[in-house]
2 protein chains.
Amino acid sequence: MVRNIRDIAKSAGVSVSTVSKVINNYPNVSAKTKERVMRVVQEEQFVPNSTARGLVKGSTQTLGLFLTTGLSHPFFVQLLAGLEGPLKESGYDLIYLAQIDWNPDYSLVRHCRSRNVDGVLIFGFQRNDLNFKEMLQSEIPTVFIDLDLLGVRAGYITSDNMDSIKQSVHYLTGLKHRKIAFVAGYLDSYVGKLRFEGYRQGIQEADLPYRSEYIYFGDFTRDSGYLAMKQFLQSPEPPTAVICSSDMSAAGVMEAVAESGLSVPEDVSVIGFDDIEISRYMQPPLTTVRQDFKTIGRQAIQQLDQMIRTPQVAPPMLVVPTEFIIRGSCGICGENQ
Amino acid sequence: MVRNIRDIAKSAGVSVSTVSKVINNYPNVSAKTKERVMRVVQEEQFVPNSTARGLVKGSTQTLGLFLTTGLSHPFFVQLLAGLEGPLKESGYDLIYLAQIDWNPDYSLVRHCRSRNVDGVLIFGFQRNDLNFKEMLQSEIPTVFIDLDLLGVRAGYITSDNMDSIKQSVHYLTGLKHRKIAFVAGYLDSYVGKLRFEGYRQGIQEADLPYRSEYIYFGDFTRDSGYLAMKQFLQSPEPPTAVICSSDMSAAGVMEAVAESGLSVPEDVSVIGFDDIEISRYMQPPLTTVRQDFKTIGRQAIQQLDQMIRTPQVAPPMLVVPTEFIIRGSCGICGENQ
DNA sequence: TTGTAAGCGTTATCAT
DNA sequence: ATGATAACGCTTACAA
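Residues numbered from 1 in each chain as written. Chains lettered and ligands numbered in written order. Predicted model: local features only at pLDDT ≥ 70, side-chain atom pairs only at ≥ 80, totals over all residues. Heavy atoms only, no water.

Thoughts on the side chain of A:Asn116
The following threshold applies: Numbering goes from the N terminus for both helices and strands, where a helix is a DSSP run of H or I of at least four residues and a strand is a run of E of at least two. In what follows, a contact means two residues having at least one pair of non-hydrogen atoms within 4.5 Å.
In this structure, A:Asn116 sits in the loop between helix 6 (108-115) and strand 3 (119-123). Dropping the residues within four chain positions of it, A:Asn116 is found in contact with A:Gly54, A:Gly58, A:Ser59, A:Thr60, B:Asn49 and B:Thr51.

Here is the structure:
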């Protein structure tokens, strides 16, 4: 069985450097030799050892993927699905940098260097992670997703969180709602903060008062949505609509509504964020903000690829538009008809 | 900035081989030298280049992950989540072998060889994929998940599909059901076939007739569940209970039931398979078979690790027990009380 | 116990 | 257009 380029060279009756030139599609190789070499390569099903190639080239056609959220985050799948195609097209493989225990000695930068990855994709919330600081100062091409971090060679891609929520508010005011509550996500997360800001601005633009009893500070989970609605329901003037920072928390809100004998959308309108798979199947189907993970994934790989190939290219700062998906969880406000 | 082992050697005033011995924890190094080297290593935050190491050792501390299903499969997340911890503990990184277009020229074995992965994890359905044949004959340690493929150095791990469904049948007969329908998954998939077989045997053991109008051949999706139930409902004697090959199809079944004005579990009992995250939130919460992905993931890594370290170890053939989760979607059969 | 030097399989430089 | 040969950073006999 053929092991290396040398064997190919021998079989083809040429030198190793010629074989190298052929398999790398370099010029200055006669058509004849090229063909002869290629035949042997085909016959022997030869693939150059990427480890050796990586060693000499100092790069590996590999992208590191680092998640702060753990793999079970619902976005993650969608994001990864969006990554699949572009990955294939660009010829990179993805290496999942296993990282679960936040060992204080762990250094993402070192991990990347040891693996010789060409670039890194980071997906997560916590912007003040020490590992990120190090990453931002390093020369390793990096793209953050859902985290507005910028560095020498690090940029980001994120959905248009603020405007999306503003749009949700306007949609509800258009439906004559004036008592609009908000289930916030982690405020120290980038997306959590922006979505909250979107709510505040939306409320303000609609000349609605900011009422603290209409705000619940949750953590994107279903439970926090449930708890939020329970609390809203106890207010003297319960809201007629609630905007959530995630579809999961919207599900929790709907559960609490049902439990109290009220119904969606007759008594209270609900809007989510994300458009995860199950949202269309909720009862009623959830009106929500869809994140465009296809575009996010494609852009992430594309931008990374450019930064890798062209060192002087500026890191991206991309805001990807969302899509407002109207389904059945919102109705015209009964009180103000 | 320190680049390599040679710089460390210089700083510590020793030879490169001594540094190598120290960082690899080899014996025959005096405590004094060891300490001196380690100090420099710490100071410089040195990490040996794994590409170079991989080249000389012919292995990379890397496991390939290959999915036939694409990333969007709901199990995938759960499986990957189960992989995270064991991965970290065993020191492997996971390389996702991007593979979306089934290019006939593509060879998984070649891809693995080129990347020098130490082992491969394959997750999928289609057992007659040509790439797998090649894989089975190769010397690359391989563990299949949900696919009963065996090779020279390839084994598998799977849930106890057949018995689980048999148990579902018995649970329903215990609830006096006698008209039990089944929504099958792809029959040319390993799990689809086994679950169907479990249904047949369960029916037989309960002395129930096998009625073809109670079988629907679906594909694990929600839509197929919906269609299945629509069909069952048109039969002269609609079933009082239905067992599904997946939670997703169970969700479809429940939707169809609700749509026809009937209700779960009063009119028809429903059982799923998988226990995906949303099942507990369905209306009513779904009774289902929980796959133990933690164990599957842990075993997969562990078995792979053993095969890698000990060439003579036999490939695993592991069947992992499931857990029957009783929630609210089954009731005593009204007809036979 | 420590050091020297020969690989590992490529690519890249420089002759030819 | 083709071929020697020196890297790339590490491990590992073998020598000292």
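Quick notes on the pairing of strand 3 (residues 119-123) of chain B
All names here are of chain B. Just so we agree on the cut-off: Three labels apply to residues, based on accessible area from a 1.4 Å probe with only protein chains included: buried if under 20% of the type maximum, exposed if over 50%, partly exposed otherwise in between. Here, strands pair whenever DSSP counts at least two bridges between them. Handedness rule for crossovers: strands pointing away from the viewer, path from the first strand over the helix to the second running clockwise, crossover right-handed.
The buried fraction of strand 3 is high, at 5 of 5 residues. Burial along strand 3 is two-sided: Gly 119, Leu 121 and Phe 123 and Val 120 and Ile 122, pointing in opposite directions, are all buried. Inspection of the sheet shows strand 1 (residues 62-67) paired to strand 3 by 5 bridges, in the parallel sense. Bridge pairing in strand 3 links Leu 65 to Leu 121. In the classification by handedness, the crossover that spans strand 3, the intervening helix 7 (residues 130-137) and the parallel strand 4 (residues 142-145) is right-handed.

Describing the protein's contact with DNA strand D
Rules: Here, proximity means that at least one heavy atom of the residue falls within 4 Å of the molecule or strand. Identification of polar contacts relies on pairs of N or O atoms within 3.5 Å, with a donor-acceptor requirement for protein atoms, meaning one able to donate a hydrogen and the other able to accept it, and with residues adjacent in sequence counted only if both atoms are side-chain atoms. Here the term charged refers only to Asp, Glu, Lys and Arg, the term nonpolar to Ala, Val, Leu, Ile, Met, Phe, Trp, Tyr, Cys and Pro, and the term polar to all other amino acids, Gly among them.
If you check the shell around DNA strand D, you find 24 residues, and the closest are A:Asn28, A:Thr33, B:Ile5, B:Tyr26 and B:Arg53. At the protein interface, 65% of the atoms of DNA strand D within 4 Å belong to sugar or phosphate. Between A:Lys21 and DNA strand D, the recorded distance is 3.1 Å, taken from a side-chain N or O atom to a base oxygen. Within the backbone of B:Ala52, one N or O atom sits 3.4 Å away from a base nitrogen of DNA strand D. Looking at the surface near DNA strand D, the elements that each hand over two or more residues are helix 2 (16-23) and helix 4 (50-57) of chain A together with helix 2 (16-23) and helix 4 (50-57) of chain B. Ranked by residue count, the leading element in the surface near DNA strand D is helix 4 of chain B, at 4 residues. Here the residues of the surface near DNA strand D sort into 10 nonpolar, 11 polar and 3 charged.

What to know about the pattern of salt bridges
Defined as follows: Whenever a carboxyl oxygen of Asp or Glu lies within 4 Å of a side-chain nitrogen of Lys or Arg, that contact is scored as a salt bridge.
Under the counting rule described, the total for this entry stands at 32 salt bridges over all chains. Put simply, B:Arg115 and A:Asp93 hold a salt bridge, and the shortest N to O gap is 2.7 Å. Linking B:Arg115 in helix 6 (residues 108-115) with A:Asp93 in strand 2 (residues 93-96), this pair reaches from one chain into another. Residue class for A:Asp93 comes out buried when judged on its relative accessible area of 5%.

What about the side chain of A:Ser249?
Among the secondary structure elements, A:Ser249 is positioned in helix 11 (residues 247-259). For A:Ser249, the contacting residues outside a window of four places in its chain are A:Val183, A:Phe220, A:Thr221, A:Arg222, A:Ser224, A:Gly225 and A:Cys244.

Structural notes on the state of the cysteines
Note the following rule: When two cysteine sulfur atoms lie within 2.5 Å, the pair is treated as a disulfide.
By the definition in use, this model includes 0 disulfides over all chains. Just so you know, A:Cys244 is unpaired, no disulfide at all, and the nearest cysteine sulfur is the one on A:Cys330, 9.9 Å from it. Under the relative-accessibility criterion, A:Cys244 is labelled buried at 0%. Not part of a disulfide, B:Cys333 finds its nearest cysteine sulfur in B:Cys330, a span of 12 Å.

Notes on the relation of the copies chain B and chain A
To keep things clear, this is the line we draw: Alignment of copies: least-squares fit on C-alpha atoms of residues with pLDDT of at least 70 in both copies.
Under the fitted operation, chain B is carried onto chain A by 0.0 Å of movement along the axis and a turn of 180°, and the coordinates agree to an RMSD of 0.1 Å. With respect to symmetry, the two chain copies, as superposed, fit the operation of a two-fold axis. When C-alpha distances to the rotation axis are compared across chain B, the minimum falls at B:Ile95, with a value of 2.1 Å. Looking at the interface residues of chain B, 94% of them are also at the interface in chain A, so both copies use one shared face.

Describing the packing of helix 8 (residues 161-174) of chain A against helix 9 (residues 190-205) of chain A
All names here are of chain A. The cut-off we apply is this: Between N-to-C directions, angles cover 0 to 180 degrees, with each direction set by a line fitted to C-alpha atoms, over the stretch in contact for helices. By convention, the crossing between two helices is left-handed when the near helix turns anticlockwise from the far helix through less than a right angle, and right-handed when the turn is clockwise.
Direction vectors running N to C along helix 8 and helix 9 enclose 40°, while the axes themselves pass 7 Å from each other. Crossing of helix 8 against helix 9: the hand is right-handed. Residues Asn 161, Met 162, Ile 165, Lys 166, Val 169 and His 170 of helix 8 lie in contact with helix 9, whose contacting residues are Tyr 190, Val 191, Leu 194, Arg 195, Glu 197, Gly 198, Tyr 199, Gln 201, Gly 202, Ile 203 and Glu 205.

Some thoughts on the protein's contact with DNA strand C
In the vicinity of DNA strand C there are 25 residues, among which A:Ile5, A:Ser20, A:Tyr26, A:Arg53 and B:Thr33 approach most closely. Expressed as a percentage, the sugar and phosphate content of the atoms of DNA strand C within 4 Å of the protein is 63%. The side chain of A:Tyr26 places a nitrogen or oxygen atom 2.7 Å from a phosphate oxygen of DNA strand C. At a separation of 3.1 Å, a phosphate oxygen of DNA strand C approaches a polar backbone atom of A:Asn49. When residues of the surface near DNA strand C are traced back to their parent elements, those giving at least two are helix 1 (5-12), helix 2 and helix 4 of chain A together with helix 2 and helix 4 of chain B. A per-element tally of the surface near DNA strand C places helix 4 of chain A first, with 4 residues. Tallied by class, the residues present in the surface near DNA strand C amount to 10 nonpolar, 11 polar and 4 charged.

Note that all results are geometric; they support no functional claim without further evidence.
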